4 protein chains.
Amino acid sequence: MSETQVEVVHAPSRLQRAASEALGSALLLAIVVGSGIMAERLAGGNVAIALLANTLATGAGLVALILTLSPVSSHFNPVVTLMDAATHSLPWRDVPIYLGAQVIGAFVGVWTAHLMFAVDVFQISTKVRTGGAQLFSEFVATFGLLLVIASVSKHRREAIPYAVGCYITAAYWFTASTSFANPAVTLARAATESFAGIRPIDAPEFIVAQLVGLAMAIVVAKHLFKATNVPTNTPITQHTSPHPPSIRQ
Amino acid sequence: MSETQVEVVHAPSRLQRAASEALGSALLLAIVVGSGIMAERLAGGNVAIALLANTLATGAGLVALILTLSPVSSHFNPVVTLMDAATHSLPWRDVPIYLGAQVIGAFVGVWTAHLMFAVDVFQISTKVRTGGAQLFSEFVATFGLLLVIASVSKHRREAIPYAVGCYITAAYWFTASTSFANPAVTLARAATESFAGIRPIDAPEFIVAQLVGLAMAIVVAKHLFKATNVPTNTPITQHTSPHPPSIRQ
Amino acid sequence: MSETQVEVVHAPSRLQRAASEALGSALLLAIVVGSGIMAERLAGGNVAIALLANTLATGAGLVALILTLSPVSSHFNPVVTLMDAATHSLPWRDVPIYLGAQVIGAFVGVWTAHLMFAVDVFQISTKVRTGGAQLFSEFVATFGLLLVIASVSKHRREAIPYAVGCYITAAYWFTASTSFANPAVTLARAATESFAGIRPIDAPEFIVAQLVGLAMAIVVAKHLFKATNVPTNTPITQHTSPHPPSIRQ
Amino acid sequence: MSETQVEVVHAPSRLQRAASEALGSALLLAIVVGSGIMAERLAGGNVAIALLANTLATGAGLVALILTLSPVSSHFNPVVTLMDAATHSLPWRDVPIYLGAQVIGAFVGVWTAHLMFAVDVFQISTKVRTGGAQLFSEFVATFGLLLVIASVSKHRREAIPYAVGCYITAAYWFTASTSFANPAVTLARAATESFAGIRPIDAPEFIVAQLVGLAMAIVVAKHLFKATNVPTNTPITQHTSPHPPSIRQ
């Protein structure tokens, strides 16, 4: 106990946290779109091979990004930020700056990928992604992702990078939409004509489906994990939360 | 020692544990069947590429699901539940509700996958999986899985998600049956005509082979791990067991 | 310190350790040969895809097997046993029973794979693996494997399953011989005509190259890790060694 | 606290650290080039499949190498060494010997791969890798790698092997240059005509781009991680730094 008293807790500032959200979202989109372009170019028309490469890059990239930026802030996803606010882990007044940083970062990431692969920087996707099956997929994908994050960040916080990386690896394949599961990613992927794109007109309904998944995840997590214990001492003292535990509920 | 005294142990209720078993089984089957459909659609007839994608999704998905639901209950498999009861880790009176939740969840998961991929919800598999080699494969696959779970849950509980995910990744390839190794999964996979299916008439003998694997695993684990030590302090205080240690043997 | 005094150390018996070596070697060979047969059958003649599947199964399988059997004994490889004896971690009198168990287990594993895939149980490989480049590959592969094991088992014992699984995943691809790196595996792979086989006449020189790699690894590890510290408290109290620390050097 | 007092800290000597850098760089290049040759030979012209195998081998190999050599020294990369010196973690006087060891080791690794695959030992690459998109890719790749290392080695040192392995796995696909991100690797890959090569004339501008990425990473890491806490007790006492903490800033 005295150990925690001697430790001076420095919390990253709101600006640092917003910068971390923007940087992480940019790198995430650079990974998703960049590896999509590379995979499409090399796969010789076999879409399964292209998606395998895209999956491997995105899953592994998420592990690295969350390990790297979680000491500051590592949502990279508006529905994660909203869940954190809804469960009192993040003050509501921080939500707009998080969402803004995520969306701006995501677009910058798409443009970075385009620059790296020497294609037109500004593009608009023509890839059709619509229909009930796609929307139901987004609902399931988002519900699953947020259930994973709600549980693992409560019970076993140090495993979050691996849990999220593994979940997205599975979700690229088990949903018909390849699991966007992230409104900022959805908006930014409308800005690429590559493999990973989505028509702008299809984006809003994807986001609605993701928000329904968010609502369901909050309700299920609340009831399912009500009686579980939070470990009193986690072996890895990691600041995945941007502010000291004392001001959290 | 005083540390453990101040920790108030809240055990998830039987209803919460059953819900966790049903939800996890549903997500597991959605992953197995959904990624099977996606892989078959994209692989252009190369079955090895399709099975690679199916393997990656299932292995990674299991890691995420067990990390997420183990604080409540994460068997997702009747033979795991039966082993837990046989070794006095779970009261026998809880077994029926676990098995029921797993089977119902598994079917819901198959139907969820069908909905996501816009195919008929209710199907019956016509995929032939029979013969001595297939049954011997199921025996080996189930024996191996339960040996992994028996040892790792005793000696190194926090590694269970990775051990199970890695084992199933290997088992999809090293057994001729692609390792069902789970009676609830076997029943539910009879309800899909996709890549992952099994004819209903072939399911019962698969389940018998799995039960023989269970018996063998209990005997081998009992003798092999009799003299090994259980670590006195695990670094990650995780409630993979649904009830407090005090009422366990 | 008082914590270690209250812990009663039960050491697995020599019989239990030999059984663990035999069982682990059998499962390892079932994985290597079984996934090789499956991969060759499904890959439609693309050897890279077949080797990718074989690699994934072997790497993941090793993680699961070592996690499972390390509380008893998990060498599964005569050169690991010899290194352990040479560095005084294992009494020399235990070496013959370890080596015998590994070789017998390995053959049983090959035959198990043949049974699972309904091919002739007893086979002799006709696959040519000879020449200086192959032998140099085996030398490099074995040297690397034993350097990994020497260092990680000294400095970070709980990571051994992941280190070995990752090393073999790499070594299947970066050596021309696909890294047998194990005399018991080499002998047993002479007993299969599948993808993973080796002509019996080529096996002895493979084993000689592996023993040279062993000698080199012992010398390099001795000088490179002389001044490094062994952690005083490992977070995971795991008995990867088959006998209590008190009787070790 | 008394526990740390009884621990006698032995620091690896400068010679041991240089040997570790040379050995690790050699094995890294043997993995990159060797798996590239193997993949190209087996992939039947499908470059995506070849790069998947190359990625898997490199990512997994990095995990194994860093786990193995980090108790002595495991930069294997001049820009990592320069960042360590710039942030006062390594004395500047050690930099030349580190860089020399890394470059010599890298060339030895390429030649080792050539020997294992029975091709001419001394080669000069003719593979064109030039243009703004390639250089921008190297800048992004190096910036990302060093940001990962800066953060994870500060906040969660024991996860460095996994963070670096996962990052490189992603970076092989999301950058147009397949992420050399390492000046020693860049020089040595000019000495192979295989899949992994780069024309000697293209190497210098790659290295300049990497150095710009280094500068950017130092600035961003300094501002982003200024207020984050370093964990007071890491569960795994590992000597990734080659000298005792007392002489570090």
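Because the structure is predicted, anything quoted here is derived from the model rather than measured.

*Asks:* I'm lost on the interface of chain C and chain D in this one. Help?
*Replies:* Reports of interface size often rely on the accessible area that becomes lost once the parts have come together. Counting residues at the interface gives 44 residues for chain C and 46 residues for chain D. In total, about 3800 Å² of surface goes out of reach between chain C and chain D, with carbon and sulfur atoms giving 73% of it. For the chain C face of the interface with chain D, the top three residues by lost area are Arg156(C), Trp173(C) and Asn229(C), together amounting to 20%. Our enumeration of links across chain C and chain D arrives at 0 salt bridges. Across the contact surface, chain C and chain D share 5 residue pairs in polar contact (both at pLDDT 80 or more). Of all elements in the fold, only α3 (47-69), α6 (132-155), α7 (160-174) and α9 (203-224) of chain C reach the threshold of two or more residues within the side of chain C that touches chain D. Residue contributions to the side of chain C that touches chain D peak at 10 residues, all from α6(C).

*Asks:* Before we go on, may I ask you to explain the nonpolar core in this structure?
*Replies:* Nonpolar side chains in soluble globular proteins generally cluster together in the buried interior. Counting 302 residues, the largest nonpolar core has Trp173(A), Trp173(B), Trp173(C) and Trp173(D) as the members making the most contacts within it. In terms of residues, this core owes the most to one element, helix α3 (residues 47-69) of chain B, which gives 16 residues. Other than its neighbours up to four places away in sequence, Trp173(D) contacts Gly34(A), Ser35(A), Met38(A), Ala39(A), Leu42(A), Ala53(A), Ala57(A), Phe117(A), Ala48(D), Leu51(D), Leu52(D) and Thr55(D).

*Asks:* When you look at the interface of chain D and chain A in this model, what are you seeing that I'm missing?
*Replies:* Chain D puts 44 residues into the contact, and the matching count from chain A is 46 residues. Summed over both partners, the interface of chain D with chain A buries about 3700 Å², with 73% contributed by carbon and sulfur atoms. There are 0 salt bridges connecting chain D and chain A. Our count for the chain D to chain A interface comes out at 5 residue pairs in polar contact (both at pLDDT 80 or more). When contributions to the side of chain D that touches chain A are tallied by element, the ones reaching two or more residues are α3 (47-69), α6 (132-155), α7 (160-174) and α9 (203-224) of chain D. Ranked by the residues each element gives to the side of chain D that touches chain A, the list is headed by α6(D), at 10 residues. For the side of chain D that touches chain A, a count of residues per class yields 28 nonpolar, 13 polar and 3 charged.

*Asks:* I tried to follow the relation of the copies chain D and chain A on my own but got confused; where do I start?
*Replies:* Two copies of a chain can be linked by a rotation about an axis combined with a shift along that same axis. For these two chains of identical sequence, chain D goes onto chain A by a turn of 90° and a shift of 0.0 Å along the axis, with RMSD 0.0 Å. The relationship between the two copies is best expressed as a four-fold rotation axis. Different-surface contact between copies: only 11% of interface residues of chain D are shared with the interface of chain A.

*Asks:* Mind showing me how you'd approach α9(C) here?
*Replies:* An α-helical turn contains 3.6 residues, so a residue and the one three or four places further along point in the same direction. Residue and element names in this part refer to chain C. Helix length check: α9, at 22 residues, gives a terminal C-alpha distance of 31 Å against a target of 32 Å (1.5 Å per residue), a fit within 8%. Ala 203, Phe 206, Ile 207, Ala 209, Gln 210, Gly 213, Leu 214, Ala 217, Ala 221 and Leu 224 are the residues of α9 that are buried. Take α9 and look down its axis: the buried residues cluster within an arc of 155°, on one side only. Exposed residues pointing more than 90 degrees away from the buried face of α9 are listed as Val 208 and Lys 222.

*Asks:* How do you make sense of the environment of Pro78(B) when you look at a structure like this?
*Replies:* Residues and elements named next belong to chain B. In this fold, Pro 78 is placed in helix α4 (residues 78-86). The exposure class assigned to Pro 78 is buried, which follows from its relative accessible area of 6%. Spatially, the C-alpha atoms of Pro 78 and Asp 120 are 27 Å apart, while their sequence positions differ by 42 residues.

Parameters at a glance
Residues numbered from 1 in each chain as written. Chains lettered and ligands numbered in written order. Predicted model: local features only at pLDDT ≥ 70, side-chain atom pairs only at ≥ 80, totals over all residues. Heavy atoms only, no water. Contact = heavy atoms within 4.5 Å. Buried area = accessible area lost by both parts, 1.4 Å probe. Salt bridge = Lys/Arg side-chain N within 4 Å of Asp/Glu carboxyl O. Polar contact = N/O pair within 3.5 Å; in protein donor to acceptor, adjacent residues only side chain to side chain. Helix = DSSP H or I, 4+ residues; strand = E, 2+ residues; numbered from the N terminus. Core = buried A, V, L, I, M, F, W, Y, C linked by side-chain atoms within 4.5 Å. Buried < 20%, exposed > 50% of the residue type's maximum accessible area, 1.4 Å probe, protein only. Nonpolar A, V, L, I, M, F, W, Y, C, P; charged D, E, K, R; others polar. Least-squares fit on C-alpha atoms with pLDDT ≥ 70 in both. Expected span 1.5 Å × (residues − 1). Arc of directions from axis to C-beta.

In short, geometric facts, not functional conclusions.
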